[in-house]
Amino acid sequence: MTPAVAVLDEVVAKVFNRSAEEADQARMEPMVSPENGQPEGMVLHTLLERVAIFVRAQDTLSLADVSSMRRALGRAQARRGYLYVLSHTVIQKPVMLLATLSKIRVVRVEPPSVG
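Computed from a predicted structure; not experimentally measured.

### Quick notes on the environment of F54
Working step 1: Relative to the elements of secondary structure, F54 occurs in strand β3 (residues 50-56).
Working step 2: Given the relative accessible area of 1%, F54 is considered buried.
Working step 3: When residues no more than four places from it in sequence are discounted, the contact partners of F54 are M31, E40, G41, M69, A72, L73, Y82, L83 and Y84.

### Quick word on helix α2 (residues 63-76)
Working step 1: With 14 residues, α2 ought to run about 20 Å at 1.5 Å a step, and its terminal C-alpha atoms sit 20 Å apart, in line with that.
Working step 2: Among the residues of α2, those classed as buried are D65, V66, S68, M69, A72, L73 and A76. Projected down its long axis, α2 carries its buried residues within an arc of 160°, all on one side. Exposed residues pointing more than 90 degrees away from the buried face of α2 are listed as A64 and G74.

### Here we look at the packing of aromatic side chains
Working step 1: Within the structure shown, the criterion is met by one aromatic pair.
Working step 2: Geometrically, the ring pair formed by Y82 and Y84 is stacked, given 6.5 Å between the ring centres and 25° between the ring planes.
Working step 3: Judged by its relative accessible area of 10%, Y84 is buried.

### Some thoughts on the pairing of strand β5 (residues 80-86)
Look at any regular strand and the pattern is simple: side chains alternate between the two faces of the sheet.
Working step 1: Where burial is concerned, most of β5 is hidden: five out of the seven residues are buried.
Working step 2: Summarising the sheet, β5 and strand β7 (residues 104-109) pair through six bridges and their orientation is parallel. In the strand pairing of β7, V85 is matched with R108.

### Here we look at the sheet that holds β5
Working step 1: With respect to topology, five strands assemble into an open sheet ordered β1-β2-β3-β5-β7, the strand pairing being mixed. Lying at the two open borders of the sheet, with one neighbouring strand each, are β1 (27-32) and β7. Across the sheet, the axes of successive neighbouring strands diverge by a mean angle of 25°, strand direction being ignored.
Working step 2: As paired strands, β1 and strand β2 (residues 39-45) are joined by six bridges and run antiparallel to one another. Residue pairing in the sheet places R27 in a bridge with H45 of β2.
Working step 3: Running at roughly 150° to β3, α2 makes contact with β1, β2, β3, β5 and β7 of the sheet.

Conventions adopted
- Residues numbered from 1 in each chain as written.
- Predicted model: local features only at pLDDT ≥ 70, side-chain atom pairs only at ≥ 80, totals over all residues.
- Heavy atoms only, no water.
- Helix = DSSP H or I, 4+ residues; strand = E, 2+ residues; numbered from the N terminus.
- Buried < 20%, exposed > 50% of the residue type's maximum accessible area, 1.4 Å probe, protein only.
- Contact = heavy atoms within 4.5 Å.
- Expected span 1.5 Å × (residues − 1).
- Arc of directions from axis to C-beta.
- Phe/Tyr/Trp six-rings, centres within 6.5 Å; stacked < 30°, edge-to-face > 60°.
- Pairing = 2+ DSSP bridges.
- Axes fitted to C-alpha atoms, helices over the stretch in contact; angles between N-to-C directions.

Printed below as a string of structure tokens:
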């Protein structure tokens with residue numbers, strides 16, 4: 001299992017459980033890229049809003065990565081997004097600024113321990 005898949009599983013479980021406690025109508029759906037058919041993340045639908053959840057297990061986050069997430073937010077009609085990256089991921093200031101202005105919160109997580 002790759003670190004991205006393990007982190008995504010853990011994050012989705014936490015977010016969904018917290019949201020399910022707040023509203024009984026919460027549900028999650030995968031977001032699929034129209035360009036290549038690959039999964040981009042998940043959308044959490046609650047009674048009040050839609051939140052996009054992304055996971056990237058890259059060493060460096062680029063402007064193109066954040067731009068693709070912005071497009072996915074628009075397609076999913078999500079109000080905001082969470083981007084989970086590994087703690088050692090390098091994020092330049094312009095990339096962080098674009099994410100912040102796009103209402104994408106960057107959350108650093110430790111890689112899951114194997115064992």
